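# An overview of the molecular structure
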Amino acid sequence: MLQYLESINYRFLLISLFFSISINALAQKKNAQYELKIRPISSEIKIDGIMNEKAWQDADLASKFFMVQPMDTSYAQIRTDVKMSYDKDFLYIIAICYHEPGPYFVESLRRDFAFGKNDNFLIFMDPFDDQTNGFSFGSNAAGAQWDGIMYEGSKVDLSWDNKWESVVKNYEDRWVFEAAIPFKSIRYKPGITKWGINFSRLDLKSTEKSSWAPVPRQFATASLAYTGNLVWDQPPPVPGQNISVIPYTLGGLSSNHSLNPIKRDQRGEIGGDLKIAINSSLNLDLTVNPDYSQVEVDRQVPNLERFELFFPERRQYFLENGDLFSNFGYQNIRPFFSRRIGLGVPIQYGARLSGKLNKDWRVGLMNMQTEKTGASDPAQNFTVMALQRRVFARSNIGGIFINKQSLNLNPENVAAGISKYNRVAGIEYNLASSNNTWTGKAVTMKSFSPNGGNKDMMQAGNLRYWTGNWDINWQHEYVGSDYNAEVGFVPRRGYISINPSIGYLFFPKKGKILSHGPKLFSGTYFDEHLNRTDYTNYLAYNFTFRDKTTFTSWIANDYVRLQRPFDPTNRGGATLATGTEHSWEAFGMEFSSRPQSLFTMALSTRYGGYYADGNRLNISSEFGYRFQPYVSVALSSSYNDIRLPEPWNTTKFWLIGPRLDVTMTNKLFFTGFVQYNEQSDNINLNTRLQWRYKPASDLFIVYTDNYLPAPFSVKNRFLVLKMTYWWNI
């Protein structure tokens with residue numbers, strides 16, 4: 001059986017390579033004819049949102065943007081002008097964003113805003129011109145900054161922060177964004193005189209999205225496959241020595257009210273990070289005694305799944321070039337998942353080398369050391385090595401090796417189920433055609449453990465064809481029952497799955513509907529002996545309106561043969577037996593209102609059958625109102641009504657989460673939210689005040705409370721004051 005699956009995967013790899021060779025080998029960059037020439041400043045530039053300097057009068061102009069949405073067949077109706085220049089230290093940009101009379105639309109002054117809910121201007125830079133990796137900077141119409149690191153050709157990781165300066169100035173008919181980006185804040189190879197670049201504009205009043213170099217409407221304007229060229233009159237300046245020291249100091253109080261007597265603790269810590277640019281495209285990050293208490297807690301979700309839920313990484317140290325490590329595999333079969341390191345166990349120190357060796361090669365090396373925290377929790381060392389090689393126009397081949405090593409293992413550790421080591425190694429091929437119409441992946445991984453079996457491999461692949469109308473995808477997965485990725489995210493093992501999907505969109509030329517069409521998905525799971533264990537068939541019909549309102553209706557049928565006991569309410573009660581079979585039908589809808597409204601609403605419903613011939617009703621919603629640009633209020637909720645035979649009978653529970661965001665300025669933020677989770681009998685209160693007193697330097701005050709809903713009593717409390725400072729040497 002394993003040999004048969006290996007042959008399927010190798011055939012799939014050969015098919016992907018064939019597509020890549022035939023589509024990419026002779027392909028030219030799609031928008032190579034769109035060029036913006038950049039020259040040194042002819043006068044000093046003051047970042048104030050006023051274009052009165054001679055340097056801006058002398059700079060070349062990028063204008064005549066193309067409409068991306070609602071249609072991609074004409075020039076934009078809303079005018080945008082962009083100019084760029086530079087000196088030995090900074091890259092300068094100014095954008096004049098004209099608009100129709102009336103107010104602009106923004107959520108708040110919060111950094112890294114939601115793209116679709118703000119009038120905004122964004123830059124997408126590809127300094128290596130490899131159409132895969134880069135940087136993004138920009139702002140909304142109120143001056144809130146946006147910055148992120150780009151990966152996989154179009155994705156932007158907004159958790160990446162760096163030092164740069166920008167100002168937005170508003171006029172009656174336009175708003176002006178002006179910025180200075182230090183060359184030290186970005187990575188690029190010296191000597192390259194052409195960078196990929198594109199500019200994106202979203203104007204919610206007209207519901208128009210546009211870009212300087214044209215982008216098909218099915219793709220994000222962030223797609224690096226469709227960048228034009230930024231042409232330098234000479235190679236960009238070499239930034240010189242680039243070392244940043246980012247120390248922190250922290251004080252805190254905590255109390256655990258679940259103990260008798262109440263346990264109270266005080267915290268006082270120091271630590272920090274050191275960032276060293278080995279060259280302009282390769283970075284070494286060192287950390288000692290890192291602390292992540294200022295990171296926002298995970299948003300809770302109702303859990304009625306049979307498997308572990310995925311929550312994204314939020315700690316900044318793991319995020320720059322994080323795709324090098326974390327994007328191997330698929331979301332439900334990741335060989336590496338950085339949240340396995342240091343959550344609940346203190347990290348003593350770590351080092352990471354990541355970036356580009358040249359235009360074709362990327363490398364990532366990471367080593368993290370955690371400390372011993374108890375008799376059954378030994379110190380552990382984590383090593384990850386990744387190497388990626390670009391092939392053809394935009395595809396790549398990558399390899400990864402992960403090692404988790406327990407230090408000074410003792411019999412008590414072994415009795416607690418802790419292994420001496422766990423290792424995973426594998427290879428992956430990522431396909432991306434020059435115009436992004438064909439994408440795909442083929443991946444094979446193998447694990448190594450002291451007591452591992454012979455079914456210790458994972459193999460998977462997908463191939464997607466995506467045009468303006470068609471969206472067709474094939475995906476298959478095999479995860480052996482002995483495949484053990486302790487530093488990964490693999491909630492399910494011992495299965496084979498086949499998951500094809502197909503969708504089609506119609507684009508009416510007139511009327512209120514921008515696009516509509518059906519989507520069909522089928523997912524079937526088998527055990528390793530090809531016995532079917534579960535499936536889902538899902539048919540949806542999607543509507544997108546010209547004002548950006550969306551509506552989806554769907555129907556589905558499911559079948560499950562349980563492979564282990566399962567409580568269908570996930571509340572720790574009675575369980576359904578292994579081997580029992582369950583099938584049901586369900587239907588539902590999803591609605592999201594126009595994002596430019598001050599009052600916004602999202603609603604989803606699901607009604608139909610459930611396990612044990614039961615029924616389940618779910619209603620989820622999110623209501624928001626903003627007093628722009630300073631205050632945003634949101635209320636999210638989820639209600640489940642589950643009707644089952646005895647001993648469960650009727651089970652009802654709520655998840656309610658009011659949230660308040662206050663942005664006094666674009667440097668002073670307050671966030672407060674409550675999460676009431678009736679399923680887990682928990683109320684969580686989290687508040688955070690952040691003052692960015694200098695670029696990339698912050699003061700945080702974080703207060704967290706946990707309660708039992710009934711009787712309303714405190715479980716634990718935390719108060720932390722933390723200060724960071726970004727110091728460039």
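Refer to the structure presented above.
Residues numbered from 1 in each chain as written. Predicted model: local features only at pLDDT ≥ 70, side-chain atom pairs only at ≥ 80, totals over all residues. Heavy atoms only, no water.

Here we come to the overall build of the protein. When you go through the protein residue by residue, the secondary structure sums to four helices and 40 strands. In terms of overall size, the protein behaves like a compact globule, its C-alpha atoms giving a radius of gyration of 26 Å where 729 residues would be expected to give roughly 27 Å. Principal-axis analysis of the C-alpha atoms gives the protein an extent of 80 × 60 × 50 Å. When contacts within the protein are restricted to residue pairs at least 6 apart in sequence, long-range pairs at least 24 apart make up 59% of them. In the structure as shown, the protein presents an accessible area of about 31700 Å², 57% of it carried by carbon and sulfur atoms. (Helix = DSSP H or I, 4+ residues; strand = E, 2+ residues; numbered from the N terminus. Rg over C-alpha atoms; globule rule 2.2 N^0.38 Å. Contact = heavy atoms within 4.5 Å. Areas by Shrake-Rupley, 256 points an atom, 1.4 Å probe, with all protein chains shown as cover.)

On to the packing of aromatic side chains, then. Under the criterion given, the structure shown has 38 aromatic pairs. Taking 4.6 Å as the distance between ring centres and 70° as the angle between the ring planes, the aromatic pair formed by Trp 470 and Tyr 504 counts as edge-to-face. Placement of Trp 470 in strand E25 (residues 470–479) and of Tyr 504 in strand E27 (residues 501–504) is noted, with a sequence separation of 34 residues between them. A relative accessible area of 37% places Trp 470 in the partly exposed class. Ring geometry for Phe 587 against Tyr 607: centres 6.1 Å apart, planes inclined by 70°, an arrangement best described as edge-to-face. Within this pair, whereas Phe 587 is found in strand E31 (residues 581–592), its partner Tyr 607 is found in strand E32 (residues 599–610), the two being separated by 20 residues in sequence. Residue Phe 587 is classed as partly exposed on the basis of its relative accessible area of 48%. If you follow Arg 217 out to its NZ or CZ, it ends over the ring of Phe 507, 3.4 Å from the centre. When the ring centre of Tyr 292 is taken as reference, the NZ or CZ atom of Arg 315 above it lies at 5.4 Å. (Phe/Tyr/Trp six-rings, centres within 6.5 Å; stacked < 30°, edge-to-face > 60°. Buried < 20%, exposed > 50% of the residue type's maximum accessible area, 1.4 Å probe, protein only. Lys NZ or Arg CZ within 6 Å of the ring centre and 35° of its normal.)

Attention now goes to the sheet that holds strand E2 (residues 61–62). An order of E2-E4-E5-E11-E10 is seen for the five strands of this open sheet, with the pairing classed as antiparallel. Two strands lie at the open edges of the sheet, namely E2 and strand E10 (165–170), each paired on one side alone. Both strand E4 (residues 80–86) and strand E5 (residues 90–98) contribute to a ladder of seven bridges, which runs antiparallel. Paired with Tyr 86 across the two strands is Leu 91, which belongs to E5. (Pairing = 2+ DSSP bridges.)

Within the fold, Asp 48 resides in the loop between strand E1 (35–38) and helix H2 (54–58). In this structure, Asp 48 is buried with no salt-bridge partner, the nearest side chain bearing the opposite charge being Lys 46 at 4.7 Å. Not counting the four nearest positions on each side in its chain, Asp 48 is found in contact with Glu 53, Val 167, Lys 169 and Glu 178. (Lys, Arg positive; Asp, Glu negative; His and termini not counted. Salt bridge = Lys/Arg side-chain N within 4 Å of Asp/Glu carboxyl O.)

Attention shifts here to the nonpolar core. Note on soluble globular proteins: their nonpolar side chains tend to be buried together. In this structure, Leu 91, Phe 121, Phe 177 and Phe 199 are the most contacted members of the largest nonpolar core, which totals 40 residues. At the level of elements, E1, E4, E5, strand E6 (120–126), strand E7 (134–140), strand E11 (174–182), strand E12 (194–203) and strand E14 (228–232) are the ones that each hand at least two residues to this core. With near-sequence residues (within four places) excluded, Phe 199 lies in contact with Leu 36, Ala 62, Phe 65, Val 82, Met 84, Ile 93, Phe 121, Leu 122, Ile 123, Ser 210, Ser 211 and Trp 212. (Core = buried A, V, L, I, M, F, W, Y, C linked by side-chain atoms within 4.5 Å.)

Turning our attention to the side chain of Thr 287. Structurally, Thr 287 can be placed in strand E17 (residues 282–288). A distance of 2.6 Å separates polar atoms of two side chains, one belonging to Thr 287 and the other to Asp 273. Dropping the residues within four chain positions of it, Thr 287 is found in contact with Gly 272, Asp 273, Tyr 317, Gln 348, Tyr 349, Gly 350 and Met 368. (Polar contact = N/O pair within 3.5 Å; in protein donor to acceptor, adjacent residues only side chain to side chain.)

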